[in-house]
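# A closer look at the structure
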Amino acid sequence: MSILVFGHKNPDTDTICSAIAYAELKNKLGKDVKPVRLGEINEETKYVLDYFKVEKPELVENVAGKEIILVDHNERTQTADGFEEAKVLELIDHHRISNFNVDEPLMVRMAPVGCTATIILGIYKENDLVPSKEVAGLMLSAIISDTLLFKSPTCTVYDVKAGKELAEIAGVNLEEYGLEMLKAGTALGNKSEAELINMDMKVFEIDGKKIGVAQVNTVNEEEVLKREAKLVEEIKKISSEKGLEFFMFVITNILTNDSVAIVTGNGNDYIEKAFNSKVENGLVTLKGVVSRKKQIIPPLTKAIQS
């Protein structure tokens, strides 16, 4: 039975591409590892897989009884159904550690870098291996996505170095490809409100409070805000189903590197304290904020815990 490797629910480019990349690495080392996904892929990831002619991983809904490897996440609220009945062998991630408990020791690789793929490239090198041209392209895409082409505050010198190396292996112009890839991810017009919210939504538990934070990238936030009423309706439905204290739907402009968030629930005091910005008519302006991992969750955590 193959070992399954996967990233978080509502998969983004790093989650999908890192799962594929780590499966290739483990298979080169003689293991039987299969990349899978926990949800539908977004437009950006579709562009990446089509560009490098790689099939999307198989969808799985429950991993009970399986041997598994987690990439790009570790929180229980973000991982597969059946997690408690699976055997976790490895974890490769670049996020905070929270709500993660296992029964047996496992191999863990964590680093405060911009992308999981950056860590995985390091593991390739440790084993004197080089990713295939196609997989190098996927790993490059993951880094571009997570660091917004090296503009995000999550980006490190390690991500930049890895990106340049992978671009050379993949045979692409880093800047040209990166811009086209990010633009592909902003094609939101054909998405329903539910699809927009679930494209990149994560649930976090902070001091017993469950909160939802979804994010979309765009070049024109007003186009998304025109749908605010229907988005709020869908967000309230999701919040009720998941028992969320409050929800932030963050709309990030990749050209200005600013965001605006649609806010619902009982979190206005926390949000205003975290970002020093007033919530007005269900909206909050987030100047210079592009990273959920580094610029949204940490200040929210401090605000809730204080």
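Anyway, here's the lowdown on the structure attached to this text.

Calculation rules
- Numbering of residues starts from 1 in each chain and follows the order in which that chain's sequence is written.
- This being a predicted model, a pLDDT of at least 70 is required before a residue's local features are given, and a value of 80 or more before pairs of side-chain atoms are given or counted; all residues contribute to the totals for chains, interfaces and linings.
- By convention in this description, side-chain values take in all heavy atoms of the structure and omit both hydrogens and water.
- Comment: axis = line fitted to C-alpha atoms, over the contacting stretch for helices; angle = value between 0 and 180 degrees taken between N-to-C directions.
- Put simply, DSSP marks the helices as runs of H or I at least four residues long and the strands as runs of E at least two long, and each gets a number from the N terminus on.
- Each crossing is labelled by how the near helix is turned from the far one, with a counterclockwise turn of less than a right angle marking it left-handed and a clockwise turn marking it right-handed.
- Two residues qualify as a contact provided that any one of their heavy atoms is within 4.5 Å of a heavy atom in the partner residue.
- Charged residues are taken to be Asp, Glu, Lys and Arg, nonpolar residues to be Ala, Val, Leu, Ile, Met, Phe, Trp, Tyr, Cys and Pro, and polar residues to be all remaining types, Gly included.
- Orientation categories follow fixed angle ranges, with anything under 35 degrees roughly parallel, anything over 145 roughly antiparallel, 65 to 115 roughly perpendicular, and all other angles oblique.
- We call a residue buried when its accessible area falls under 20% of the maximum for its residue type, exposed when it is over 50%, and partly exposed in between, using a 1.4 Å probe and counting protein chains only.
- Seen with its strands pointing away from the viewer, a crossover is right-handed when the path leading from the first strand over the helix to the second is clockwise.
- Between any two strands, pairing holds if DSSP finds at least two bridges.

On to the packing of helix 4 (residues 133-147) against helix 5 (residues 157-170). Orientation of helix 4 relative to helix 5, taken along the N-to-C sense of each, is 145°, at an axis distance of 8 Å. Where helix 4 crosses over helix 5, the handedness of that crossing is left-handed. Residue-level contacts link K133, A136, G137, M139, L140, I143 and T147 of helix 4 to D159, A162, G163, L166, A167, I169 and A170 of helix 5. Along the lines of polarity and charge, the residues of the contact of helix 4 with helix 5 split into nine nonpolar, three polar and two charged.

The angle between the axes and the distance between the axes are what describe a pair of packed helices. Axis separation between helix 4 and helix 6 (residues 174-184) bottoms out at 10 Å; the angle between their running directions is 65°. By the angle between their directions, the pair helix 4 and helix 6 is classed as roughly perpendicular. Helix 4 and helix 6 meet at a crossing whose hand is right-handed. Between helix 4, through L140, S141, I144 and S145, and helix 6, the contact on the second element is made entirely by L174, Y177, G178, M181 and L182. Tallied by class, the residues present in the contact of helix 4 with helix 6 amount to six nonpolar, three polar and no charged.

What follows concerns the pairing of strand 1 (residues 3-6). Residues I3 and V5 of strand 1 are buried on one face, and the alternating residues L4 and F6, pointing to the opposite face, are buried as well. In this view, the connection linking strand 1 to its parallel neighbour strand 2 (residues 33-37) by way of helix 1 (residues 13-28) has right-handed handedness. In this structure, strand 1 lies alongside strand 4 (residues 67-71), joined through three bridges in parallel fashion. Each residue of the ladder has a partner; that of V5, found in strand 4, is I69.

Taken in spatial order, the six strands make up an open sheet running 3-2-1-4-5-6, and their pairing is parallel. The open sheet has two edge strands with one neighbour each: strand 3 (58-59) and strand 6 (107-110). Examined bridge by bridge, strand 5 (residues 87-93) and strand 6 share four bridges and lie parallel to one another. Bridging from a neighbouring strand, E90 pairs with M107 of strand 6. Of the strands in this sheet, strand 1, strand 2, strand 4 and strand 5 are in contact with helix 1, which crosses strand 2 at around 170°. Docked against the sheet, helix 3 (residues 116-126) engages strand 4, strand 5 and strand 6, running at close to 105° with respect to strand 5.

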